[in-house]
Amino acid sequence: MAHTEFVPGQRWISNTEAELGLGIVVECANRRVEISFPAAGDSRTYATDNAPLSRVCYEPDEQIRNDDGVLITIRERIEHNGCFIYLGVDESSTEMIVPEIHLDSAVHFSKPQERLFAGQIDRHSLFKLRVDTLEHQYRLQKSSAYGLMGARVQLLPHQMYIASELSSRAVPRALLADEVGLGKTIEAGLILHQHWISGRAKRVLVLLPDSLLHQWLVEMLRRFNLVFTLLDEERCLAISESGHENPFDSAQLILAPVSLLSRSELRLEQASSVHWDILVVDEAHHLGWSREVVSHAYQCVEQVASVADGLLLLTATPEQLGPEGHFARLRLLDPARYPDLELFLDEESDYRHLNVLIEALMSEGAPLLKRDAHLQAVLAERLGADTLEHWKGLSEIEQSANLHKMIADLVDRQGTGRVLFRNTRKNIDGFPERVLHTYPLIAPTLFSSEGEEEPALEPLLHPEKRLGETWISSDPRVAWLLEWLKTNKKEKALVICAHAETAIMLEDFLNLRGGVRSTVFHEGMSLVNRDRSAAYFAEQELGAQVLISSEIGSEGRNFQFCHHLVLFDLPLSPDLLEQRIGRLDRIGQHHSVQIHLPYYQHSATEVLMRWYHEGLEAFTRVCSTGDALYHRFAQPLRDAMRHPGERHALQKLLEETQQERQELESELSFGRDRLLEMSSFNAAKADSVISQIHELENGKALQDYAEKLFDRFGIAIQPHGERGLVVHPGEQMLYQLSELPEDGMTLTFSRKEALSREDVEFLSWEHPLLLELMELLTRNDLGNNALGVLKLPALPAGTLLVEAVFTLNLAVPRSLQLARYLPSGYLRVLTGPEGQDLSAVLAHKP
Ligand SMILES: Nc1ncnc2c1ncn2[C@@H]1O[C@H](COP(=O)(O)OP(=O)(O)OP(=O)(O)O)[C@@H](O)[C@H]1O
């Protein structure tokens, strides 16, 4: 096999995915080459300068098959316009002409016997490395931690459970709805990584708000080694100009803002003319839907989802826009299960009954079900009479085992179990407390609404609107903020306010007049500038002390390196309040979260603050019933905010809210939330995956193996600390490796070190460099034969033994997920001179 130029019609084989069979060059333009692999029904696009491909070139006397399966012995090979034509004879000596495009595509190139007979004998250590590699591949692919161990993340049980549960399904379709900051992006990344590594997803589209593009790009690369291409309108135009018709077809992993599709019919058409293995939509609560109005964003996502197999919707606040929107998102995921809104609302109200039934079955088990006719009738109604009859006919032991399955079915079928996952802080250790500090201020005279019958709420909640253009100098919140920053010079603070204009003016003032190191973050800024601001704020030594952000500007962002949050105003939505606090109250926050609220005494904000604090307790913990209570009390709350002087009305509102909250919480903890808890987390399963990962990565096996592998391929290695290596291309490299940068890299085998040091790569069993080498070794002929001498008293001198290792490889479409069901194990046979089977007598590693 020699290297030549790419010409359409030529046959090449992938060095890293030889199981795809013989590929055909379809197109070569703009330094990219597209290869189709007919046997696997797949295609790949590579950069021409480092495509991991080898040219297929047969010699006279070799045997080939054409695409009709006819076996032909080659007599001569001629080249025409860069492609080969083989001349030969079939088994009945009929002359045959085979242009290479008509070669059989299901071909493999591992012919140890031919190399052995031709005297191309490898060293025994290489043969051993090859067998070790097969063993490792087999072990890894069989493990239920496969695809989940390579991510540079802490192994958190709630995330590991969701990732392994969704990875075990044929296609992942789910609403990931953990509370703010519990790691939905990480869960989605784990699922994508698992599907990517196992070859089940080769085309992924992630749609998200503009402000999160860069954060996702970096998280996917840094934590999961997934290299996404970021598409915005500018990039789409550049790709189209370079001759590529559809920008969504130009890469396998794409990140794009939802706005790219909602603003352009053409982009929407292009995105939905490509097939996606998985579509991910972050901050999915923006996909508004009601009986009357369906938002354009929802329609766009619905259209792209119709060409996607897997679908992951991410939101911390699934019911933010009411139960209708929640229903519509569930319907996107599983239209058969959620055909009708009324039915869905009915079911939601039935969760308490369902939970009582499940709790009874869980606590008292099979004996209760056997004796309780009413319970039997309810169960028969929910799961079908046949299921119950079948259960009755089982033995006692079988009945107990089967009951667990029935309970799981109940949670699955009756609740939102299969598609909705929601973990809460309540069930996760290690979250710091939240502390509220309030600062009552005297309102300026200009702010007063006395004498107004029905003052507008918006300016009451955002005093800068009432104070006019010079608000910055008359608003006591500004003076308070400046003073706080000056007295707490060593502390970083995130300030959130509702509007971008407020944020801009405030930052201007603090910076230019107050001399505070500050920066701003809002939706009107370009992505680059937003990321620059966030980076300046994150900088420890010389960075900004304060970041002033607008409401929407900071959604989904990670600011947990800071623990002071200033609420410059309050949003009129409990979910938005939680989103604000969630910027700091996230995984990785090591301090208690200090929430500071400056407000005008006797104002609408004071009323709202008291309602959130005394009514919902929403500052100090996550209030899962906040949105429902807001809808219930919206009118009296608005009245109270307009007339803050009416103390009795406020007191009544607070008491009613508290009471309703307690009732609702107890209702939910017996009903829907309890069911959700059951289906969102299973400690035993999570522990099993985590301990498998520990088993695979602890100890020295990986390190010993990786060092041997690197050495064999000519990679230069130097030790780096106790569990690290520095690797770079050596002078005698066997192959050019796409996963090894020219200037090398620093690797660590320790997950802990990888988590604390961004400059060091985490070398797991699933690191791209290791995978590339393992594939190269097993798919090529390296070490596929060797000669060795054994000194065994039991064997007469000169006895010839043949050890053969057989692997099973089938060229089939990836979508069949063959590796999942048929991990590529190997069969070892050791044969004596008389053909006797000595495999069990003499092990591979004597
Ligand atoms: N397993 C983990 N290991 C290390 N860091 C993690 C892990 N899980 C989450 N984090 C970190 O915690 C923060 C929150 O995670 P993430 O952004 O995925 O949460 P989220 O639920 O998507 O948040 P939001 O609700 O704000 O969108 C991020 O900085 C993330 O990197």
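Residues numbered from 1 in each chain as written. Predicted model: local features only at pLDDT ≥ 70, side-chain atom pairs only at ≥ 80, totals over all residues. Heavy atoms only, no water.

- Per an unreviewed UniProt entry, the protein goes by RNA polymerase-associated protein RapA and derives from Nitrincola nitratireducens.
- The UniProt entry for the protein carries this comment under Subunit (unreviewed entry): "Interacts with the RNAP. Has a higher affinity for the core RNAP than for the holoenzyme. Its ATPase activity is stimulated by binding to RNAP." (UniProt positions renumbered as here; feature names shortened; annotations may be inferred.)

## Looking at the site of the ligand
- Close to the ligand lie 21 residues; Gln154, Gln159, Lys184, Gln560 and Arg586 are nearest.
- Taking Gly183, its main chain carries an N or O atom lying 3.0 Å from an oxygen atom of the ligand.
- One of the side-chain N or O atoms of Lys184 is found 2.6 Å from an oxygen atom in the ligand.
- Burial of the ligand by the protein chains amounts to 96% of its free accessible area of 620 Å². (Near = heavy atom within 4 Å. Polar contact = N/O pair within 3.5 Å; in protein donor to acceptor, adjacent residues only side chain to side chain. Areas by Shrake-Rupley, 256 points an atom, 1.4 Å probe, with all protein chains shown as cover.)

## Let's talk about the UniProt feature "binding site: ATP" (unreviewed entry) in the protein
- This chain's UniProt record puts "binding site: ATP" (unreviewed entry) on Asp178, Glu179, Val180, Gly181, Leu182, Gly183, Lys184 and Thr185.
- Residue position: Gly181 is located in the loop between strand 10 (173-176) and helix 4 (184-197).
- For Gly181, a relative accessible area of 10% corresponds to the buried category.
- In contact with Gly181, not counting residues within four places along its chain, are Arg586 and Ile587.
- As for its position among the elements, Leu182 is in the loop between strand 10 and helix 4.
- Relative accessible area serves as the criterion here: at 0%, Leu182 is assigned to the buried category.
- Among residues more than four places away in sequence, those in contact with Leu182 are His158, Gln159, Glu187, Asn423, Thr424, Arg425, Ile428, Phe431 and Ile587. (Helix = DSSP H or I, 4+ residues; strand = E, 2+ residues; numbered from the N terminus. Buried < 20%, exposed > 50% of the residue type's maximum accessible area, 1.4 Å probe, protein only. Contact = heavy atoms within 4.5 Å.)

## Points about the pattern of salt bridges
- Scanning the model with the defined rule gives 31 salt bridges in all.
- Asp704 is the partner of Lys700 in a salt bridge, and the nearest nitrogen-oxygen pair spans 3.9 Å.
- Between Arg828 and Glu803 there is a salt bridge, and its shortest N-O distance comes to 2.5 Å. Of this pair, Arg828 sits in strand 28 (residues 826-831) while Glu803 sits in strand 27 (residues 802-807), and the two are 25 residues apart along the sequence. (Salt bridge = Lys/Arg side-chain N within 4 Å of Asp/Glu carboxyl O.)

## A short note on unusual backbone geometry
- Backbone geometry places Asn81, a non-glycine residue, at a positive phi of 50°.
- By the element assignment, Asn81 lies in the loop between strand 7 (71-80) and strand 8 (83-89).
- A positive phi angle, near 50°, is found at Glu283, a position not held by glycine.
- Within the secondary structure layout, Glu283 lies in the loop between strand 14 (276-281) and helix 9 (296-305).

## A short note on the pairing of strand 14
- The buried count for strand 14 comes to 6 of 6 residues, which makes it a mostly enclosed element.
- Of the strand pairs in this sheet, strand 14 and strand 15 (residues 308-314) are connected by 5 bridges, and their pairing is parallel. Of the residues in strand 15, the one forming a bridge with Val280 is Leu312.
- Following the chain from strand 14 across helix 9 to the adjacent parallel strand 15, one finds a crossover that is right-handed. (Pairing = 2+ DSSP bridges. Right-handed = clockwise from strand over helix to strand, strands pointing away.)

## Points about the domain arrangement of the protein
- In terms of domains, the protein is made up of domain 1 (11-109), domain 2 (126-140 + 699-779), domain 3 (153-337), domain 4 (351-415), domain 5 (432-667) and domain 6 (789-846).
- Once you take the C-alpha centre of each, domain 5 and domain 6 turn out to be 69 Å apart. (Domains from an automatic or database assignment.)

## As for the packing of aromatic side chains
- One pass over the full model with this rule turns up 17 aromatic pairs.
- Both rings, one in Phe521 and one in Phe559, keep their centres 6.0 Å apart while their planes meet at 90°; by these two values the pair is edge-to-face. Of the two residues, Phe521 sits in strand 19 (residues 518-521) while Phe559 sits in the loop between strand 20 (546-550) and strand 21 (564-567), which places them 38 residues apart along the sequence. In this structure, Phe521 and Phe559 share a single accessibility class: buried.
- Taken together, a centroid distance of 5.8 Å and an interplanar angle of 65° make the contact between Phe537 and Phe559 edge-to-face. Pair noted here: Phe537 is in helix 21 (residues 527-538) and Phe559 is in the loop between strand 20 and strand 21, with a separation of 22 residues, a long-range link.
- The rings of Phe521, Phe537, Phe559 and Phe561 are connected pair by pair, giving a single aromatic cluster.
- The ring of Trp196 carries Lys202 above its face, with NZ or CZ at 4.5 Å from the centroid.
- Geometry around Phe568 places Arg477 over its ring, the cationic atom sitting 4.0 Å from the centre. (Phe/Tyr/Trp six-rings, centres within 6.5 Å; stacked < 30°, edge-to-face > 60°. Lys NZ or Arg CZ within 6 Å of the ring centre and 35° of its normal.)

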